[in-house]
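Letter by letter, the chains look like this.
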Amino acid sequence: MNSITGSSLKDLQAAESKLLVQTYERYPLLFVSGEGVHLRDEHGNDYLDLLSGIGVSALGYNHPAITHAIAEQSSQILHTSNLFYHRGTTELAMRLTEITGLDRVFLCNSGTEAWEAALKLARAHAGRLRAEGKQLGTKFLAIEHSFHGRTMGSVATTHKQKYREPFAPVMPGVEFVAFNDVAALRGAFSTDVCAIAIEPIQGEGGINPVSQKFLAAARELCDSTGALLLLDEIQSGMGRTGKWCAYQHYGIQPDVTTLAKPLAGGIPMGAMLCTEEAARSFTPGMHGTTFGGNPLACAVAVAVVDEIKQSRLLDHITSTGDYFRTRLRDLQAKYPSIVDVRGLGLMIGVELNSDALAKSILAGMMDRRILLNRTHETVLRFLPPFLITREHVDQTIAALSELLALHTPSNLLHSTSLAGEPING
Ligand SMILES: *Cc1c(COP(=O)(O)O)cnc(C)c1O
């Protein structure tokens, strides 16, 4: 068989299962197009997408700014290699340095590649400082429940054992510190450390915002030795939380940050940004990539940044996110199975009291044609396109409420007059 055009989902599943390396478990859905915040399956059914391809399709589907940038750029030049100049890299770097407050950019093709660049820069930086007579080691401090990607360096700084152990030995020299435990961070820190690695809001780890004290302590410790503070904004950056980067909510600047997922609105792209001082530690030939910063990806990323600015999406993300969390907290007041509602802007986690409940709520939402996913087993994760409106939030809350009611015995329901007061049951 050499074509699958027009085949049913069942035939596709059968063919794929024989052809692809089996790294993914997929939901039994086949999408063929999308418009705005909706995806359309092969039967013409529309789904409200509250996951945006794990935070990638931030401007939704078929957005004119993106389709226009792709059409324009693809008719001119797709790729030149990093042996030659093209205007797109500088156009994009001007925008990314402005929105992050950092000085220089390295462009690549994915999140993990951006994170590898950050790790390599930290090692190279410590090496340069050692050559200048400073005392600085090669150790990384990473955080429990972190996720930084799937390549060898990234998995070494990723906490979950199942992502690391099958591939041992991964990059040595990583110690994990308990999340938001300032004393543990101080205890683990020394001149052996070349960098502290933190997601300001952990994504895969269950939508956990880092505390102000923890981030401030990390900044202060790094400043005391010249180690680098690496903040991974691959999931939380590009406006997702209502600011361009989540660290801007804390008023703390990193030495290095990484962007990817929504950066080019669905075209694969990553970026590592750093200070002038850190950038001095990479010299020509030390690091690189064939595709990184190619004209197509740059043109689309420029269009994404400009669209977020022109349509004032950061304000929209903040107000819609606040509204979403308020409505979720109203549900929490009614249903004791909601343990916590967390997040910032449109990066939202709803922790439920059991794995099985999270699984069946997710399945029920999918039956109601609303897409989200589950992370850290019990946390429902919402990473909707930046364009969702209050009407989409209301539709989601109505569906969730219906499902929670189905799964909650009436004797455990909080009466609405007791909203917000926990009852033991
Ligand atoms: C998704 C993600 C990565 C990895 O990005 P890929 O593009 O999948 O390589 C790294 N860090 C964080 C915080 C992420 O959410």
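I will try to describe carefully the structure that is included in this document.

Cut-offs applied
- Residues numbered from 1 in each chain as written.
- Predicted model: local features only at pLDDT ≥ 70, side-chain atom pairs only at ≥ 80, totals over all residues.
- Heavy atoms only, no water.
- Near = heavy atom within 4 Å.
- Polar contact = N/O pair within 3.5 Å; in protein donor to acceptor, adjacent residues only side chain to side chain.
- Areas by Shrake-Rupley, 256 points an atom, 1.4 Å probe, with all protein chains shown as cover.
- Nonpolar A, V, L, I, M, F, W, Y, C, P; charged D, E, K, R; others polar.
- 1 Å grid on protein atoms, 1.4 Å probe; cavity = no way out; pocket = protein on both sides within 12 Å on 5 of 7 lines; lining within 4 Å.
- Points joined across faces, edges and corners; volume = space filled by probe spheres on them.
- Helix = DSSP H or I, 4+ residues; strand = E, 2+ residues; numbered from the N terminus.
- Pairing = 2+ DSSP bridges.
- Salt bridge = Lys/Arg side-chain N within 4 Å of Asp/Glu carboxyl O.
- Buried < 20%, exposed > 50% of the residue type's maximum accessible area, 1.4 Å probe, protein only.

### Some thoughts on the site of the ligand
Piece 1. Inspection of the region around the ligand gives S110, G111, T112, F147, H148, G149, E199, D232, I234, Q235 and K261 as its neighbouring residues.
Piece 2. Between the ligand and G111 there is a distance of 2.8 Å, counted from an oxygen atom to a backbone nitrogen or oxygen.
Piece 3. Contacts to the ligand include D232, whose side-chain N or O atom sits 2.7 Å from a nitrogen atom.
Piece 4. If the ligand stood free it would expose 380 Å²; the protein chains cover 83% of that surface.
Piece 5. Split by residue class, the shell around the ligand holds two nonpolar, six polar and three charged.

### Thoughts on the layout of surface pockets
Piece 1. Approximately 880 Å³ is the volume attributed to the second largest pocket.
Piece 2. N82, R104, V105, F106 and L107 are the residues nearest the centre of the second largest pocket, which is lined by 35 residues in total.
Piece 3. Of all the secondary-structure elements, those providing two or more residues to the lining of the second largest pocket are α4 (87-100), β4 (104-108), β12 (270-274) and α10 (276-279).
Piece 4. Its residues placed into classes, the lining of the second largest pocket shows 15 nonpolar, 16 polar and four charged.

### Concerning the sheet that holds strand β1 (residues 31-35)
Piece 1. Within the open sheet, the four strands sit side by side as β1-β2-β3-β15. Their pairing is mixed. Here the strands that pair on one side only, and so sit at the sheet edges, are β1 and β15 (370-371).
Piece 2. As defined by bridge partners, strand β2 (residues 38-41) adjoins strand β3 (residues 46-49) across three bridges and the pair is classed as antiparallel. For R40, the partnering residue across the bridge sits in β3 and is D46.

### Structural notes on the pattern of salt bridges
Piece 1. Counted under the stated rule, the structure contains 21 salt bridges.
Piece 2. For R128, the salt bridge identified is with E277, shortest N-O distance 3.2 Å. Linking R128 in helix α5 (residues 111-131) with E277 in helix α10, this pair joins segments that are 149 residues apart in sequence.
Piece 3. Note that R186 and E220 form a salt bridge whose closest N and O atoms lie 3.2 Å from each other. Here E220 lies in helix α9 (residues 212-225) and R186 lies in helix α8 (residues 182-188), a separation of 34 residues in the sequence.
Piece 4. The exposure class assigned to R186 is partly exposed, which follows from its relative accessible area of 39%.
Piece 5. Bridged by salt links that share partners, the residues R128, E132, E277 and R280 form one connected network.

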